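Coordinate inspection notes
Chain by chain, the residues:
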There are 2 protein chains.
Amino acid sequence: MNELKERIMASSSSDLSGIEEALDKGLNPCLALISDVAGHILFAGGKRIRPLLMVLSARLCGYAGNDDKAVSVMFEYLHAATLLHDDLVDGADVRRGRQVSHLIWGNSTTVLVGDFLLAKTISIAADTGHMEIVRTISDAISRMAEGEIHQLANREKIDVDEAEYMEIIHRKTACLIQAACRVGAIFASASAEREKTMSNYGRDLGIAFQMVDDLLDYTADTKVLGKSTGSDLREGKMTLPLIYAIGRAQGKDKKRMQEIIRDRASSESAIHEMLGYLKEYGGIAYTSEKASQYAEKAKQRLAIFEDCDAKTILTDLADYTIKRKE
Amino acid sequence: MNELKERIMASSSSDLSGIEEALDKGLNPCLALISDVAGHILFAGGKRIRPLLMVLSARLCGYAGNDDKAVSVMFEYLHAATLLHDDLVDGADVRRGRQVSHLIWGNSTTVLVGDFLLAKTISIAADTGHMEIVRTISDAISRMAEGEIHQLANREKIDVDEAEYMEIIHRKTACLIQAACRVGAIFASASAEREKTMSNYGRDLGIAFQMVDDLLDYTADTKVLGKSTGSDLREGKMTLPLIYAIGRAQGKDKKRMQEIIRDRASSESAIHEMLGYLKEYGGIAYTSEKASQYAEKAKQRLAIFEDCDAKTILTDLADYTIKRKE
């Protein structure tokens, strides 16, 4: 696993340092406070996976210029904007190992810096001159907001089924990764087939990514994850491990699971108890299997492209997505 | 005054009903909850001044088609998005005579519906096919966020001067009205000179508009205004009437004014006391005079256009801006 991560890091190191440089250069707000708040989340060791995906997708589709990094950072700005707005939503207290912004600077500043980053994103998209890129971004913003609202509206609702879960994770996570891959293809002026393929690759990868996130929320080592486990349970979010397991549990066990969900249990012992049920009723194994299937599908989509470095990294990224521990 | 308002309403009635229809048609979210939250603010008797300005500006610049209303509603969506995010910021409790959204649906849903409306705005801008319109909108979003953050950062700061106030109101209010007028011109494929003129008209009108808002926050009849007076004082916002008056007050009066500001006074008697100082030291008269100057300048800019209905309404709107009581 570490070998895989190191290989990805090594092959992407020049892209990643280009992205890091562009992130810092691109921000340019008129107020120091905006730099502080945006920088707090932007420079807290994010993996830059979304910009990297755009850059790799563009290269896979034949782009050979040097403007890709400056464009790709819009996905990190957009991601940071949604984190700023969502952490407020989730009532999260720690993100990427740091205290979340709204507890330091307040709700107001946090929301407005998120808006500033959204505007920055659109402005970079407009500067590409591709209206299709602007459209892809505005679609992604609207779908993400809808996904989060949908999830909020589902709080307290125990009978979320797998189809509804799939729709939510597509909107809240996969569609941004999908957008990054699609925009890379558009930026490279790829054919419609290649654009569609990269869009599908991104969607499948994003779904696998979120499923693994939802697994790790129960199974991860808190220190490695950089935030506490059990947060979905605490926030009343029904994710696949739980949806699958509760659908199979019976009698006393099912009742106890429902009780833990209703109580928004946050004690370590309750989370540990729930993890026991998720294992017993196959929720962990099922989710893990599903995530692998999506990652596998993502990789297979790349078959239409000739072998190259970008293709290798995109393949490795799909493998890494399901093997990561954080 | 009422005569002026009636004349504007009569001459714009077909535009306004077209805008109203387009607003309802254009929203189209996938979740009922979004319609509820967005509708709560969108259909609470807003005056649709921003869409109307875009439509009039386009017509003044020679646009004669029927697609303008569907485009113009983006300014109402954008305005509603900023209200949803700003009411959270301001801790306001009443807007347009209704309880504000975040007290009914919570911070999270309110922020996310704001994001949904921002995305809708960008998507309508992209559909015009004019990248310059997308750029104008993203600029406006970023300036508005910067303006609000600037104002937040100034809370508790008593020595705000007129120049800083001008910068804040330009960003938080005038730039959206400016964008509406400018986009109307771009949509009509106007010459650079006409586009610049409409942009300047919008900025001057917007500045006058905000100055009058800041006056009304002290002087208005609560029932007519649809919200309580003194809210700027309560939120620690230094506006022009206060900036001017405190700069001229001396000794005991100045001390008392500073005390009221520091206490974030919210009692009717404290607000009434402050209003007395604002009148005594010329803050009300000065702000009123400044607002008139900006409205006058806005009107004069229209001189490059031939007389027509749109020009008459835009002239009336400038007059109305400074004469309104709400």
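Everything numeric here is computed off the predicted structure, so don't read it as measured data.

**A short note on the overall build of chain A**
- A count of helices and strands for chain A gives 15 helices and two strands.
- By the compact-globule yardstick of 20 Å for 326 residues, chain A fits well, its C-alpha radius of gyration being 20 Å.
- Expressed as lengths along the three principal axes of its C-alpha atoms, the size of chain A is roughly 60 × 45 × 35 Å.
- Put simply, chain A has 326 residues, and 52% of those count as buried.
- Of the contacts formed within chain A by residues at least 6 apart in sequence, a portion of 76% connects residues at least 24 apart.

**Digging into the nonpolar core**
- Counting residues in hydrophobic clusters, the biggest one holds 203 residues, and the most contacted among them are Ala208 of chain A together with Ala208 of chain B.
- In this view, Ala208 of chain B contacts Ala291, Tyr294, Ala295, Ala298, Thr321 and Ile322 of chain B; residues no more than four positions away in its chain are not counted.

**Comments concerning the relation of the copies chain A and chain B**
- Screw-axis analysis of chain A against chain B gives a translation of 0.0 Å along the axis, an RMSD of 0.0 Å, and a rotation angle of 180°. Accordingly, the operation relating the two chain copies is best matched by a two-fold axis.

**Description of the confidence of the model for chain A**
All names here are of chain A.
- Averaged over all residues, the pLDDT of chain A is 91; the fraction at 70 or higher stands at 96%.
- Looking over chain A, one finds the lowest element-wise mean pLDDT in strand 1 (residues 94–95), namely 65, and the highest in helix 14 (residues 283–301), namely 98.
- In the predicted complex, the global pTM is 0.89; the interface-specific ipTM is 0.87.

**A look at helix 7 (residues 162–187) of chain A**
Residue and element names in this part refer to chain A.
- With 26 residues, helix 7 extends 35 Å from end C-alpha to end C-alpha; this agrees with the ideal 38 Å at 1.5 Å per step.
- By the largest-angle criterion, Ala174 marks the main kink of helix 7, which is about 50°.
- Burial runs high along helix 7: 20 of the 26 residues are buried.
- Looking one or two residues past helix 7, Ser189 carries a phi angle of roughly 50°, positive in sign.

**As for the interface of chain A and chain B**
- Counting residues at the interface gives 36 residues for chain A and 36 residues for chain B.
- Looking at the side of chain A that touches chain B, the elements that each hand over two or more residues are helix 2 (32–42), helix 4 (68–90), helix 5 (101–127) and helix 6 (131–153) of chain A.
- The element best represented in the side of chain A that touches chain B is helix 5 of chain A, accounting for 14 residues.
- Looking at side-chain class alone, the side of chain A that touches chain B contains 22 nonpolar, nine polar and five charged residues.

**Re unusual backbone geometry**
- One non-glycine residue, Ser189 of chain A, lies in positive phi territory at about 50°.
- With 13 C-beta atoms packed within 10 Å, Ser189 of chain A lands in the partly exposed category.

**Describing the packing of helix 11 (residues 240–248) of chain B against helix 14 (residues 283–301) of chain B**
Residue and element names in this part refer to chain B.
- Remark: helix 11 packs on helix 14, axes separated minimally by 8 Å, with the N-to-C direction vectors making an angle of 130°. Here helix 11 is positioned oblique relative to helix 14, judged by the angle of their axes. The handedness of the crossing between helix 11 and helix 14 is right-handed. Across the interface between the two elements, Leu240, Pro241, Leu242, Tyr244 and Ala245 from helix 11 touch Gly283, Ile284, Tyr286, Thr287 and Lys290 from helix 14.

**Some points on the environment of Ser11 of chain A**
Residues and elements named next belong to chain A.
- Tracing the chain through its elements places Ser11 in helix 1 (residues 2–27).
- As a C-alpha pair, Ser11 and Ile177 span 166 residues in sequence and 20 Å in three-dimensional space.
- Excluding its chain neighbours within four sequence positions, the residues that come into contact with Ser11 are Asp309, Thr312 and Ile313.

**Section: the packing of helix 5 (residues 101–127) of chain B against helix 6 (residues 131–153) of chain B**
Residues and elements named next belong to chain B.
- Across the interface, helix 5 lies against helix 6 with an axial gap of 8 Å and an inter-helix angle of 155°. It follows from the interaxial angle that helix 5 and helix 6 lie roughly antiparallel. When you trace helix 5 past helix 6, the crossing you get is right-handed. Side by side, helix 5 and helix 6 meet where Leu118, Thr121, Ile122, Ala125 and Ala126 of the first sit next to Ile133, Val134, Ile137 and Ile141 of the second.
- Its residues assigned to classes, the contact of helix 5 with helix 6 comprises eight nonpolar, one polar and no charged.

**A few points about the environment of Gly251 of chain A**
- One can find Gly251 of chain A in helix 12 (residues 251–262).
- Considering only alpha carbons, one finds Gly251 of chain A and Ala303 of chain A, 52 residues apart in sequence, at a separation of 48 Å.

**So, the environment of Lys290 of chain A**
- Relative to the assigned elements, Lys290 of chain A resides in helix 14.
- In sequence terms Lys290 of chain A and Ala208 of chain A are 82 residues apart; their C-alpha atoms lie 7.6 Å from each other.

Rules used throughout
- Residues numbered from 1 in each chain as written.
- Chains lettered and ligands numbered in written order.
- Predicted model: local features only at pLDDT ≥ 70, side-chain atom pairs only at ≥ 80, totals over all residues.
- Helix = DSSP H or I, 4+ residues; strand = E, 2+ residues; numbered from the N terminus.
- Rg over C-alpha atoms; globule rule 2.2 N^0.38 Å.
- Buried ≥ 20, exposed ≤ 12 C-beta atoms within 10 Å, placed from the backbone.
- Contact = placed C-beta atoms within 7 Å.
- Core = buried A, V, L, I, M, F, W, Y, C linked by C-beta atoms within 7 Å.
- Least-squares fit on C-alpha atoms with pLDDT ≥ 70 in both.
- pLDDT = per-residue confidence, 0-100.
- Expected span 1.5 Å × (residues − 1).
- Bend = angle between axes of the 7 residues up to and from the residue.
- Nonpolar A, V, L, I, M, F, W, Y, C, P; charged D, E, K, R; others polar.
- Axes fitted to C-alpha atoms, helices over the stretch in contact; angles between N-to-C directions.
- Parallel < 35°, antiparallel > 145°, perpendicular 65-115°, else oblique.
- Left-handed = near helix turned anticlockwise from the far one by under 90°.

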